[in-house]
Amino acid sequence: MAKFDIQFATSRPHHLTSIALVSICQEKGESLRTFIDRFGKTAMSIRNLSPEVAMHHMLTALRPGPFADSLCMQPAVSLDELRRRAAKFMQLEELREFKNQARAEASGEKKDEKER
């Protein structure tokens, strides 16, 4: 019976706790959208996670930047507000990335024309 108990205890699924959020940080170069998605997936897998705890961990996990600055100056009052505000910053981030790519392509085309 003891062998069965040991085998059963080690094969049981482990449930995540809010401590799992401590190890999540926005990586250098990681887009806000990618980070929010990754953070959200982990947060959703934690049973009975308090929204306040999730928001606190989110603030500490963000890299310094406009979104983190915005949340420090005017903290979100709910996760829904946090998501809405994050969505606006994600759109801005993606628009900037699109413009940077367009500029890079345009300068690449100009370089090709000069070489001809």
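This one's a predicted model, so the numbers in the text were calculated from it and none came from an experiment.

**Re unusual backbone geometry**
Residue Asn 48 is not a glycine yet carries a positive backbone phi of 55°. Residue placement: Asn 48 occurs in the loop between helix H2 (32-44) and helix H3 (51-61).

**So, the confidence of the model for the protein**
Confidence in the prediction for the protein averages 85 pLDDT; 81% of positions are at 70 or higher. Per-element averaging of pLDDT across the protein places helix H1 (residues 2-11) at the bottom with 58 and helix H4 (residues 66-73) at the top with 94.

**Points about the environment of Thr 60**
Within the element layout of this structure, Thr 60 appears in helix H3. Note: C-alpha distance between Thr 60 and Cys 25 (35 residues apart in sequence) is 7.9 Å. Polar contacts involving the side chain of Thr 60 include one to the main-chain carbonyl oxygen of His 57, which spans 3.0 Å.

**Section: the packing of aromatic side chains**
Within this structure, the stated rule accounts for two aromatic pairs. Here Phe 35 and Phe 39 contribute two aromatic rings whose centre-to-centre distance is 5.8 Å and whose plane-to-plane angle is 45°, an arrangement assigned as tilted. Of this pair, Phe 35 and Phe 39 both sit in helix H2, separated by four residues, roughly a single helical turn. Here Phe 35 and Phe 39 have matching classes, each one buried.

**Some remarks on the pattern of salt bridges**
Evaluated as defined, the whole model comprises four salt bridges. Glu 30 is paired through a salt bridge with Arg 38; the nearest N and O atoms lie 2.9 Å apart. With a shortest N-O distance of 3.3 Å, Arg 85 and Glu 81 are connected by a salt bridge. Remark: Glu 81 and Arg 85 occur in helix H5 (residues 79-115); sequence separation between them is four residues, near one turn of the helix. For Glu 81, a relative accessible area of 16% corresponds to the buried category.

Cut-off values and rules
Residues numbered from 1 in each chain as written. Predicted model: local features only at pLDDT ≥ 70, side-chain atom pairs only at ≥ 80, totals over all residues. Heavy atoms only, no water. Helix = DSSP H or I, 4+ residues; strand = E, 2+ residues; numbered from the N terminus. pLDDT = per-residue confidence, 0-100. Polar contact = N/O pair within 3.5 Å; in protein donor to acceptor, adjacent residues only side chain to side chain. Phe/Tyr/Trp six-rings, centres within 6.5 Å; stacked < 30°, edge-to-face > 60°. Buried < 20%, exposed > 50% of the residue type's maximum accessible area, 1.4 Å probe, protein only. Salt bridge = Lys/Arg side-chain N within 4 Å of Asp/Glu carboxyl O.

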